[in-house]
Amino acid sequence: AQSVTQLGSHVSVSEGALVLLRCNYSSSVPPYLFWYVQYPNQGLQLLLKYTSAATLVKGINGFEAEFKKSETSFHLTKPSAHMSDAAEYFCAVSDRAAGNKLTFGGGTRVLVKP
Amino acid sequence: DTEVTQTPKHLVMGMTNKKSLKCEQHMGHRAMYWYKQKAKKPPELMFVYSYEKLSINESVPSRFSPECPNSSLLNLHLHALQPEDSALYLCASSQGGTIDRELFFGEGSRLTVL
């Protein structure tokens, strides 16, 4: 069965500092990996996805993530945080063994300090 | 048009009421989803429709009844709900039912059951 673990339910960063959100996955077959962002009182929006092409994936709003099979990780980074990055971030995994279902991690809430 | 529209945005209902949540997309997507999201938790999959047929039911209680009248519309009929059913209900759509596809989410319908 597939699963996702996000380390840290809350992350606080200063404006302009590096944002690093950690995601580790478990999957018995090659996974598809996603990062979604949820702003307050809104639905989820895709930041980026890994689907077995390049291991370094660039997404919207300056975010990128690197797929590391040996570490079963898909950490999300942004070099310089902006106040508008304050939101909830979800890592998600999907694979064929799970019947085409998307499994979300527990989420990480990002707070950006001025 | 990359929107998924959900109505109503807020709904308050008693345990004996019957109400419906509606979802509409005009992106030509052939898969549509209902998710339930409790506060500070990730979305939980409830139902998946693929090409207007119910393909996944995650053992959801029968007081929740989904309906897909056509490829653009998805309804969730609610009857005899419990207070613990209070949550944000998110609708999503994707181009197909394949697992590497991006999900497009609506802003959700926030349901309160009294």
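What comes next is a walk through the structure. (Residues numbered from 1 in each chain as written. Chains lettered and ligands numbered in written order. Predicted model: local features only at pLDDT ≥ 70, side-chain atom pairs only at ≥ 80, totals over all residues. Heavy atoms only, no water.)

## A short note on the state of the cysteines
Residues and elements named next belong to chain B. Tallying each qualifying case throughout the model produces two disulfides over all chains. Each sulfur in the disulfide pair Cys23 and Cys91 lies 1.9 Å from the other. On the sign convention where negative is left-handed, the bridge of Cys23 and Cys91, at about -70° about the S-S bond, is left-handed. Of this pair, Cys23 sits in strand β3 (residues 18–25) while Cys91 sits in strand β9 (residues 87–94), and the two are 68 residues apart along the sequence. (Disulfide = S-S within 2.5 Å. Helix = DSSP H or I, 4+ residues; strand = E, 2+ residues; numbered from the N terminus.)

## What about the layout of surface pockets?
Where empty space is left in the structure can be found by rolling a water-sized probe over the atoms. Quantified by volume, the second largest pocket comes out at close to 270 Å³. Lining the second largest pocket are 15 residues, and of these Gln38 and Arg109 of chain A together with Gln37, Lys40 and Arg110 of chain B sit closest to its centre. The class makeup of the residues in the lining of the second largest pocket is five nonpolar, four polar and six charged. (1 Å grid on protein atoms, 1.4 Å probe; cavity = no way out; pocket = protein on both sides within 12 Å on 5 of 7 lines; lining within 4 Å. Points joined across faces, edges and corners; volume = space filled by probe spheres on them. Nonpolar A, V, L, I, M, F, W, Y, C, P; charged D, E, K, R; others polar.)

## Details of the pairing of strand β8 (residues 73–78) of chain A
Residues in a regular strand point their side chains to alternate faces of the sheet. Residues and elements named next belong to chain A. For β8, a buried count of five out of six residues is recorded, marking the element as mostly surrounded by other parts of the structure. Pairing of strand β3 (residues 19–26) with β8 involves four bridges; the strand directions are antiparallel. Residue pairing for β8: Asn24 is matched across the bridge by Ser73. Across five bridges, strand β7 (residues 64–68) lies against β8 in antiparallel orientation. The partner of Glu66 across the bridge, within β8, is His75. Between β7 and β8, which pair antiparallel one after the other, the connecting turn spans four residues, and Thr72 there sits at a positive phi close to 45°. (Buried < 20%, exposed > 50% of the residue type's maximum accessible area, 1.4 Å probe, protein only. Pairing = 2+ DSSP bridges.)

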